[in-house]
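Examining the three-dimensional arrangement
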Amino acid sequence: MTAVLRVGVGSAFGSCGELLQGVTACDSRDFLVTLPITRGAVAVFEPDPHRDTLTVIPGRKTKSATLARALLARSPAVRGGVLTLLGDLPEGKGLASSTADLVATARAVADAEGREITAAEIETELRCIEPSDGVMHPGAVAFCHREVRLLALLGALPPLTIVTADEGGQIDTVAFNRHRPTFTTAAKREYSALLAELATAVAAGDVAAIGAVATRSAEMSTILRSRPHLDTTIAAARDLGAAGVVVAHSGTTTGILLDETDPQLDAKIAAAQRVCTGFAESITVHRTWRPYPPDCSVAPDFVTARAAVEVVSR
């Protein structure tokens, strides 16, 4: 009996830079912590049983084309069709646009086959393509981006607004990750301590503590590339009462973190935008998902903060 094919749809959220990015002390594993936002990618796959070729729209999405062809080559039901990618994440800015495209693509092809694809399966597929963010997992996660492997689920973030400044240009994630900086033992220990603090802060919904970890990670990121505007941005964010500052460690954006429950939120958004005009080519306001992204059918059963801390302390 011939399989009944359907138009497949998949989605994935983006990440507004990283709350933390560093190296574990125990085994020197590179990791980042995602900051899920309400923008992302959508993929639509229209299978065609009469063809064995793939058309990708827009054509520049070559990584998604590579992934879709690999999935179709192993599919028992379909070999060709049209893959269309939509979304509102700018490319090369550190918002996980490439990974979001790939995750959405994998979900769309699987959906066309009438099945679900797990986050672990997606990791396996992406491992052959590029270093990736952890946006195939719900909520904030610690993710080994070079290995394309989950380190720890941290949980749903409290409601945050991020006033994000783009300093211009683009950064190629693959090229950026070819060069691995040397981290001191002290830096590795600090990164692991920060990850433990962040796991506890996320579990408690402690916006101030989350912001403090993000700010420290932003400061430490200058080993990766120069950020001449960072010190003044951190000082200005502190003066206006923001939770902290977050950066895209391999991107071109710097964000000011604000607590959405703050009664002065609107005024602080305006103040943060004024701060960003000093160095930004464009300014965007992002918001976190609450309590978790819509591509999860049920609330995820997150590990506790204690368990997350144990993962990075072994």
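The notes below deal with the structure included here. This one's a predicted model, so the numbers in the text were calculated from it and none came from an experiment.

With that settled, the discussion passes to the overall build of the protein chain. In terms of regular secondary structure, the protein chain is built from nine helices and 10 strands. For the protein chain, the residues scored as buried account for 54% of the 314 residues in total. For the protein chain, the share of sequence-separated contacts (at least 6 apart) that also reach a separation of at least 24 residues comes to 75%. For the protein chain, the exposed surface amounts to about 13,500 Å²; the carbon and sulfur share of it is 52%.

Now for the packing of helix 1 (residues 62-73) against helix 2 (residues 97-112). Helix 2 packs onto helix 1 with a crossing angle of 25° between their chain directions and a minimal axis gap of 9 Å. Taken together, helix 1 and helix 2 sit at an angle that is classed as roughly parallel. Here helix 1 runs over helix 2; the crossing is right-handed. In this structure, helix 1 uses Lys63, Ser64, Leu67, Ala68, Leu71 and Leu72 to contact helix 2, whose residues at the interface are Ser98, Asp101, Leu102, Thr105, Ala106 and Val109.

The next subject is helix 8 (residues 265-276). Note on helix geometry: an α-helix contains 3.6 residues per turn, so any two residues three or four positions apart are oriented the same way. Compared with an ideal rise of 1.5 Å per residue, which puts 12 residues at 16 Å, helix 8 spans 16 Å between its outermost C-alpha atoms and is within 8% of the ideal. Within helix 8 the residues assigned to the buried category are Leu265, Lys268, Ile269, Ala271, Ala272 and Cys276. Down the axis, helix 8 shows its buried residues gathered within 165° of arc, on one side only. Residues of helix 8 that are exposed and angled more than 90 degrees away from the buried face: Asp266, Ala267 and Arg274. If you follow the buried residues of helix 8, they end up packed against strand 7 (160-166), strand 9 (253-259) and strand 10 (282-287).

The subject of this paragraph is the pairing of strand 8 (residues 244-247). Burial along strand 8 is two-sided: Gly244 and Val246 and Val245 and Val247, pointing in opposite directions, are all buried. Summarising the sheet, strand 8 and strand 9 pair through four bridges and their orientation is antiparallel. Directly across from valine 245, in strand 9, lies its bridge partner isoleucine 256. In textbook terms, the turn of a hairpin is the stretch between consecutive antiparallel strands, and for strand 8 and strand 9 this stretch comprises five residues.

So, about the environment of leucine 240. Following the sequence through the fold, leucine 240 ends up in the loop between helix 7 (230-239) and strand 8. Look at leucine 240 and you get buried, because its relative accessible area is 16%. With residues up to four places along the chain from it excluded, the contact list for leucine 240 reads Leu258, Lys268, Ala271, Ala272 and Val275.

With that out of the way, let us pick up a nonpolar patch on the surface. A grouping of Val7, Val9, Val42 and Leu86 is seen on the molecular surface, where their side chains present a nonpolar patch of about 320 Å² in accessible area. The topology assignment puts leucine 86 in strand 4 (residues 81-87).

Time to look at the side chain of threonine 254. Checked against the element boundaries, threonine 254 lands in strand 9. On the basis of relative accessible area, threonine 254 is assigned to the buried category, the value being 1%.

The rules behind these values
- Residues numbered from 1 in each chain as written.
- Predicted model: local features only at pLDDT ≥ 70, side-chain atom pairs only at ≥ 80, totals over all residues.
- Heavy atoms only, no water.
- Helix = DSSP H or I, 4+ residues; strand = E, 2+ residues; numbered from the N terminus.
- Buried < 20%, exposed > 50% of the residue type's maximum accessible area, 1.4 Å probe, protein only.
- Contact = heavy atoms within 4.5 Å.
- Areas by Shrake-Rupley, 256 points an atom, 1.4 Å probe, with all protein chains shown as cover.
- Axes fitted to C-alpha atoms, helices over the stretch in contact; angles between N-to-C directions.
- Parallel < 35°, antiparallel > 145°, perpendicular 65-115°, else oblique.
- Left-handed = near helix turned anticlockwise from the far one by under 90°.
- Expected span 1.5 Å × (residues − 1).
- Arc of directions from axis to C-beta.
- Pairing = 2+ DSSP bridges.
- Patch = residues over 30% accessible without salt bridge, like charges linked within 9 Å, V, L, I, M, F, W, Y side chains within 5 Å.
- Salt bridge = Lys/Arg side-chain N within 4 Å of Asp/Glu carboxyl O.

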